[in-house]
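# Report on the structure
One letter stands for each residue in the lines below.
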There are 2 protein chains.
Amino acid sequence: MRLSGGVEWALHCCVVLSRGVEEPVPVARLAELYDVSPTYLAKHLQSLAADGLIESVRGKRGGYRLTRSAESITVLDVVRAIEGDGAAFVCTEIRQRGPCAAAAEDCQRACSIARVMIAAEEAWRSALRDVSIRDVADDVDRVAGKGALTRMRSWLAAAPSIGA
Amino acid sequence: MRLSGGVEWALHCCVVLSRGVEEPVPVARLAELYDVSPTYLAKHLQSLAADGLIESVRGKRGGYRLTRSAESITVLDVVRAIEGDGAAFVCTEIRQRGPCAAAAEDCQRACSIARVMIAAEEAWRSALRDVSIRDVADDVDRVAGKGALTRMRSWLAAAPSIGA
DNA sequence: GTCCAATTACTCGGATATCCCCTGTCCGAGTCCACGAGG
DNA sequence: CCTCGTGGACTCGGACAGGGGATATCCGAGTAATTGGAC
């Protein structure tokens, strides 16, 4: 059980995009900020756009920007956009197989093992749902210093590749 | 993010093994009970044995049996034995990369995003740790009928392939 | 000076290879049980 | 009748292929800004 590495990228992107929603930021710029593969990051941002978390602006001076306020986007929203809605544990109903199989009419409720796993996943989802991108951004300000995020956001807005 | 299918098999095996600890049960018999691949199930049971949850008895009339009481084995123990101890979310510290990288001395605490993910995983683990194999077995008795598990355990103990 | 239109440069978007881990399988090492011979 | 040794069959254990999804990449579709000329 391992999450895609794109989850980390997407979360960092959403956090930095939550500072100043004015103008869109191209993928190449975000990739340069974090020193990651631009094309692969693009793939993940497309997933976020497909779920309506960010919107794309095409053409010159285009890019991505958040569609709604950072308060209304939860960490779970981002994780689900990247990883999909599928549950981690999938019950194959092996209790209904083999020589001691349970009768189908006795299996209307989910099996005991599946219920435990589902409850645990719900606890996981709940923890992620309780934290918004805004909360994370505030925490970054608290840990890394008040101006760190704003400085990164300003760098994104600056003309690309001048100093390089 | 998806768990290995072996988790389901291993949990069912531990539950049925918790009924009557007298004599070991061979892998082939367990595989026949659930109608799954014997060799692949063996691989997973080896993982359980490596973590000390079950012990192997070699030779004729050998097999696997639980090493301790079902109360002292948690669902989390089984999941960790199959999936390993690694965290689902791995922080690659991209905050320390790129042109706006944070200084290393400012990163002694885990980054805000990683903390959220770690806390969620801890909630997931906690939910799995709160349920023992004994609890699951009792719930199976409650749902599938009091004698279902005992009947399966008796079938395991019976001489193999008589009726077939 | 103003308007318009073609050009251009920059952006996203989906289709395309590559790699690694999970799935699934196999044969060899090890061990207990059974049986038979000898005392 | 009891003991011991040998054989056999059954078990686990780790080493060996195949497949699917994540990783990483590329080129084409689309759009806004620019720029040049005409009025």
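Anyway, here's the lowdown on the structure attached to this text. Quick caveat: nothing in here was measured; it's all calculated off a predicted structure.

Contacts between the two partners involve 47 residues from chain A and, on the opposite side, 47 residues from chain B. Between chain A and chain B, a total of about 4,600 Å² is buried, with carbon and sulfur atoms accounting for 71% of that surface. Area buried by chain A at its contact with chain B is led by Met1(A), Glu8(A) and Ile94(A), which between them contribute 17% of it. Where chain A touches chain B, the interface holds four salt bridges. The partner of Arg115(B) in a salt bridge is Asp139(A), with the nearest N and O atoms 2.5 Å apart. At the boundary of chain A with chain B, the tally comes to 15 residue pairs in polar contact (both at pLDDT 80 or more). Mapped by element, the contributors of at least two residues to the side of chain A that touches chain B are helix H1 (6-17), helix H2 (27-34), helix H4 (75-83), helix H5 (112-129), helix H6 (133-144) and helix H7 (148-157) of chain A.

For the rest of this paragraph, the subject is the protein's contact with DNA strand C. The environment of DNA strand C is formed by 19 residues, the closest being Ser56(A), Tyr64(A), Ser4(B), Ser37(B) and Tyr40(B). Backbone atoms, meaning sugar and phosphate, form 66% of the atoms of DNA strand C found within 4 Å of the protein. In the model, a sugar or linking oxygen of DNA strand C is placed 3.1 Å from a nitrogen or oxygen of the Gly59(A) main chain. Ser4(B) has a polar side-chain atom sitting 2.7 Å from a phosphate oxygen of DNA strand C.

Here we take up the packing of helix H1 (residues 6-17) of chain B against helix H4 (residues 75-83) of chain B. All names here are of chain B. Remark: H1 packs on H4, axes separated minimally by 9 Å, with the N-to-C direction vectors making an angle of 135 degrees. The orientation of H1 relative to H4 falls into the category oblique. Here the hand of the crossing between H1 and H4 comes out right-handed. Here H1 contributes Gly6, Val7, Ala10, Leu11 and Cys14 to the contact with H4, which in turn contributes Val75, Val78, Val79, Ile82 and Glu83. Counted by class, the contact of H1 with H4 contains eight nonpolar, one polar and one charged residues.

Another point: the pattern of salt bridges. Residue and element names in this part refer to chain A. Scanning all chains against the criterion turns up 28 salt bridges over all chains. The closest approach of N and O atoms between Asp85 and Arg80, which form a salt bridge, is 3.1 Å. Where Arg134 meets Asp138, a salt bridge forms, and the shortest distance between an N and an O atom there is 3.2 Å. Remark: Asp138 and Arg134 occur in helix H6; sequence separation between them is four residues, near one turn of the helix. Overall, the relative accessible area of 34% leaves Arg134 in the partly exposed class.

Before going further, it helps to spend a moment on the protein's contact with DNA strand D. Of all residues adjacent to DNA strand D, which total 18 residues, the nearest are Ser4(A), Ser37(A), Tyr40(A), Ser56(B) and Tyr64(B). Looking at DNA strand D alone, sugar and phosphate atoms form 61% of those within 4 Å of the protein. One of the backbone nitrogen or oxygen atoms of Gly5(A) is found 3.2 Å away from a phosphate oxygen of DNA strand D. Between a base nitrogen of DNA strand D and a side-chain N or O atom of Gln46(B), the distance comes to 3.3 Å. Of all the elements in the fold, those that place two or more residues in the surface near DNA strand D are helix H3 (38-50) of chain A together with strand E2 (63-66) of chain B. Per element, the largest residue contribution to the surface near DNA strand D is three residues, and it comes from H3(A). Per-class residue counts for the surface near DNA strand D are four nonpolar, nine polar and five charged.

With that out of the way, let us pick up the pairing of strand E1 (residues 54-57) of chain B. Residue and element names in this part refer to chain B. Bridging between E1 and E2 involves four bridges; their strand directions are antiparallel. Opposite Ser56, over in E2, you have Tyr64 as the bridge partner. Between E1 and E2, which follow one another and run antiparallel, lie five residues, and Gly59 among them has a positive phi close to 85 degrees.

Residues and elements named next belong to chain B. With respect to the secondary-structure elements, Ala10 resides in helix H1. Ala10 sits 34 residues away from His44 along the chain, and the two C-alpha atoms are 6.9 Å apart. Ignoring anything within four residues of it in the chain, the contact list for Ala10 reads Leu48, Val78 and Ile82.

After a rotation of 180 degrees and a shift along the axis of 0.0 Å, chain A superposes on chain B with an RMSD of 0.0 Å. Interpreted geometrically, this transformation is the action of a two-fold axis. Across chain A, the rotation axis passes nearest the C-alpha of Trp124(A), at a separation of 2.5 Å. A shared binding surface is used by both copies, with 100% of the interface residues of chain A retained as interface residues in chain B.

Scoring rules and cut-offs
- Residues numbered from 1 in each chain as written.
- Chains lettered and ligands numbered in written order.
- Predicted model: local features only at pLDDT ≥ 70, side-chain atom pairs only at ≥ 80, totals over all residues.
- Heavy atoms only, no water.
- Contact = heavy atoms within 4.5 Å.
- Buried area = accessible area lost by both parts, 1.4 Å probe.
- Salt bridge = Lys/Arg side-chain N within 4 Å of Asp/Glu carboxyl O.
- Polar contact = N/O pair within 3.5 Å; in protein donor to acceptor, adjacent residues only side chain to side chain.
- Helix = DSSP H or I, 4+ residues; strand = E, 2+ residues; numbered from the N terminus.
- Near = heavy atom within 4 Å.
- Axes fitted to C-alpha atoms, helices over the stretch in contact; angles between N-to-C directions.
- Parallel < 35°, antiparallel > 145°, perpendicular 65-115°, else oblique.
- Left-handed = near helix turned anticlockwise from the far one by under 90°.
- Nonpolar A, V, L, I, M, F, W, Y, C, P; charged D, E, K, R; others polar.
- Buried < 20%, exposed > 50% of the residue type's maximum accessible area, 1.4 Å probe, protein only.
- Pairing = 2+ DSSP bridges.
- Least-squares fit on C-alpha atoms with pLDDT ≥ 70 in both.

Read these as geometric descriptors, not functional statements.
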